[in-house]
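Structural characterization, general
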Amino acid sequence: MRLSPEGLIVVLTGAGISAESGLRTFRDQDGLWYEFRIEEVATPEAFARDPAKVLDFYNQRRRGLLAPEVRPNAAHLALARLERSWPGGVLVVTQNVDDLHERAGSRRVLHMHGELLKARCLACGAVCEWRRDLDLESRCPACGTVGRMRPHIVWFGEIPFHLEDIEEALARCTLFVAVGTSAEVYPAAGFVDRVKALGRACTVELNLEPSAKSHCFDDRRYGPATRVVPAFVEELLAEIGGSREQQGSAVRDRRSRGPDR
Ligand code: OAD
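Residue numbers here run from 1 along each chain, matching the order of that chain's written sequence. pLDDT decides what is reported in this predicted model: residues at 70 or higher carry local features, side-chain atom pairs at 80 or more are listed and counted, and totals for whole chains, interfaces and linings draw on all residues regardless. To obtain the side-chain values, all non-hydrogen atoms of the structure were used and water was disregarded.

**Here we look at the environment of Ala104**
- Each helix corresponds to a stretch of at least 4 residues labelled H or I by DSSP, and each strand to a stretch of at least 2 residues labelled E; elements are numbered beginning at the N terminus. Take Ala104: it is sitting in helix H7 (residues 100-104).
- Put simply, Ala104 and Leu77 are 27 residues apart on the chain and 5.1 Å apart in space, counted from C-alpha to C-alpha.

Take a look at the structure:
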């Protein structure tokens, strides 16, 4: 693949990239949507009907994410390394609500489906860092209102975040890579079509198995994210001749940021 080093790379990630960090995906064999019904835990209507049940679902997810054994894996780390090394810039657009890209060192990350470690006040609209359980008595740190805090998550039927910025990046990028997503949920599943329609960028799918949109990509690599993503990043960096030099700086960066990065 011949790419200009000056071109922007957009990487769309999904639950598959975090699977080997110990977080469950949604639609695989042990996926969350086989245990829980979307209509009962991930819609505004569910929250209106039974807020405690919805909060409990996200409390479980938040506790899981904060478990000490859950850490960024080699795929998250490889994308952070790519961002540090690629002259044209890298934007990660993630459907994931975990913070593993940030913990790995990625700086340009757009969470289109929200963030588990944030909560939003329905009274004043403030969005706050939130690492403990949410309950019906949770108080907004900004306005003091009790009982109006909800997870800062985009539920089914709600509009994803950052769509304008994403659209702008899709129009500008020269490489679009989808990692670990089943391509079952729109608008993210349609990003590859958008990029293809613009005709400027190369498109690559990296996934455990072909997704619902695999036929739309120019190139496809299948296998666990911890294997295919680092190999793909290595290939990209080798192309611009920066691999060895950048590897050195990646190792230094990682050391200075501590064990989790
Ligand atoms: P899915 O659970 O739908 O798909 C996960 C994808 O990751 C599948 O294609 C798997 O084959 C792949 N996969 C699993 N393990 C992998 C591994 N170790 N390495 C690489 N790939 C692996 O998750 P998403 O596509 O992210 O939205 O789901 C999209 C949205 O649907 C989520 O953001 C969530 C969900 O409902 C909301 O909750 C709003």
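Resuming the write-up.
**Observations concerning the domain arrangement of the protein**
- Parsing the protein into structural domains produces domain 1 (1-22 + 72-113 + 160-261) and domain 2 (24-69 + 115-153).
- Each of domain 1 and domain 2 has a C-alpha centre, and the two are 26 Å apart.
- Residue-level contacts link 18 residues of domain 1 with 13 residues of domain 2.
- Put simply, buried area is the surface a 1.4 Å probe can reach on two separate parts but cannot reach once they are joined, added for both. The largest per-residue losses of area from domain 1 upon contact with domain 2 belong to Ala15, Val97 and Phe161, which jointly make up 37% of the total buried on that side.
- Among the secondary structure elements, those contributing two or more residues to the side of domain 1 that touches domain 2 are helix H1 (16-19) and H7.
- Ranked by residues supplied to the side of domain 1 that touches domain 2, first place goes to H7 with 3 residues.
- Think of it as three bins: nonpolar holds Ala, Val, Leu, Ile, Met, Phe, Trp, Tyr, Cys and Pro, charged holds Asp, Glu, Lys and Arg, and polar takes everything else, Gly as well. The residue inventory of the side of domain 1 that touches domain 2, partitioned by class, reads 6 nonpolar, 6 polar and 6 charged. As annotated, the domain borders come from an automatic or database domain assignment. The contact definition used throughout considers only heavy atoms, calling two residues in contact when any of these lie within 4.5 Å.

**A few points about the sheet that holds strand S2 (residues 90-94)**
- Criterion used throughout: strands pair if DSSP finds at least two bridges between them. Pairing in this open sheet of 6 strands is parallel, and the strands run S3-S2-S1-S7-S8-S9 from one edge to the other. Edge strands, defined here as strands with exactly one partner in the open sheet, are strand S3 (109-111) and strand S9 (219-222). Taken pair by pair, the neighbouring strands of this sheet meet at an average axis angle of 15 degrees, ignoring direction. Helix axes are fitted only over the stretch in contact, all axes being lines through C-alpha atoms; the angle between N-to-C directions runs from 0 to 180 degrees.

**Regarding the packing of aromatic side chains**
- Classification of ring pairs uses Phe, Tyr and Trp, with its six-membered ring standing for Trp, and accepts pairs whose centres are within 6.5 Å; under 30 degrees between planes counts as stacked, over 60 as edge-to-face, and the remaining range as tilted. Summed over the entire model, instances satisfying the criterion amount to 8 aromatic pairs.
- Ring geometry for Trp33 versus Phe156: centroids 6.4 Å apart, planes at 65 degrees, classification edge-to-face. Remark: Phe156 occurs in the loop between strand S6 (149-153) and helix H8 (163-172) and Trp33 occurs in helix H2 (residues 32-35); sequence separation between them is 123 residues.
- Partly exposed describes any residue whose relative accessible area lies between the buried limit of under 20% and the exposed limit of over 50%, with all areas from a 1.4 Å probe on protein chains only and scaled to the type maximum. Judged by its relative accessible area of 34%, Phe156 falls in the partly exposed class.
- For the pair Tyr58 and Trp155, a centre-to-centre distance of 6.4 Å together with 40 degrees between the ring planes defines the contact as tilted. A residue pair is termed long-range when its members are at least 10 positions apart, and Tyr58 in helix H5 (residues 51-65) and Trp155 in the loop between S6 and H8 qualify at 97 residues.
- Site record: aromatic cluster; members linked through ring pairs are Phe26, Trp33, Phe36, Phe47, Phe57, Tyr58, Trp155 and Phe156.
- Across the ring face of Phe57, the terminal group of Arg61 is positioned such that the distance to the ring centre comes to 4.7 Å.
- Directly above the ring of Trp155 sits Arg150, whose terminal nitrogen or CZ lies 3.7 Å from the centroid. Throughout this description, the term charge over a ring refers to an Arg CZ or Lys NZ atom that lies within 6 Å of the ring centre and within 35 degrees of the ring normal.

**Concerning the nonpolar core**
- In this text, buried Ala, Val, Leu, Ile, Met, Phe, Trp, Tyr and Cys residues form a nonpolar core when linked through side-chain atoms within 4.5 Å. Ranked by internal contacts, the top residues of the largest apolar core, which has 28 residues, are Trp33, Phe57, Tyr58, Leu65, Met149 and Trp155.
- No other element matches the 5 residues that H5 contributes to this core.
- Leaving out residues up to four positions away in the same chain, Leu65 has contacts with Leu23, Val70, Val97, Asp98, Asp99, Leu100, Arg103, Leu116 and Leu117.
- In terms of nonpolar packing, the next biggest core, distinct from the first, is built from 22 residues, Val11, Val179, Ala225 and Leu237 among them.

**Some details on the site of the ligand**
- Around the ligand, the structure places 24 residues, and the nearest of them are Phe26, Arg27, Trp33, Thr181 and Ser182.
- For this analysis, a polar contact is any N or O atom pair within 3.5 Å, provided that within protein one partner can donate a hydrogen and the other can accept it, and provided that sequence-adjacent residues contribute only side-chain to side-chain pairs. Between Phe26 and the ligand, the recorded distance is 2.7 Å, taken from a backbone N or O atom to an oxygen atom.
- Its free accessible area being 790 Å², the ligand has 94% of it covered by the protein chains.
- When residues of the shell around the ligand are assigned to domains, at least three fall in each of domain 1 (1-22 + 72-113 + 160-261) and domain 2 (24-69 + 115-153). The rule for a residue being near a molecule or strand is that one of its heavy atoms must lie within 4 Å of it. Working definition of accessibility: Shrake-Rupley area with a 1.4 Å probe, residue cover restricted to the visible protein chains.

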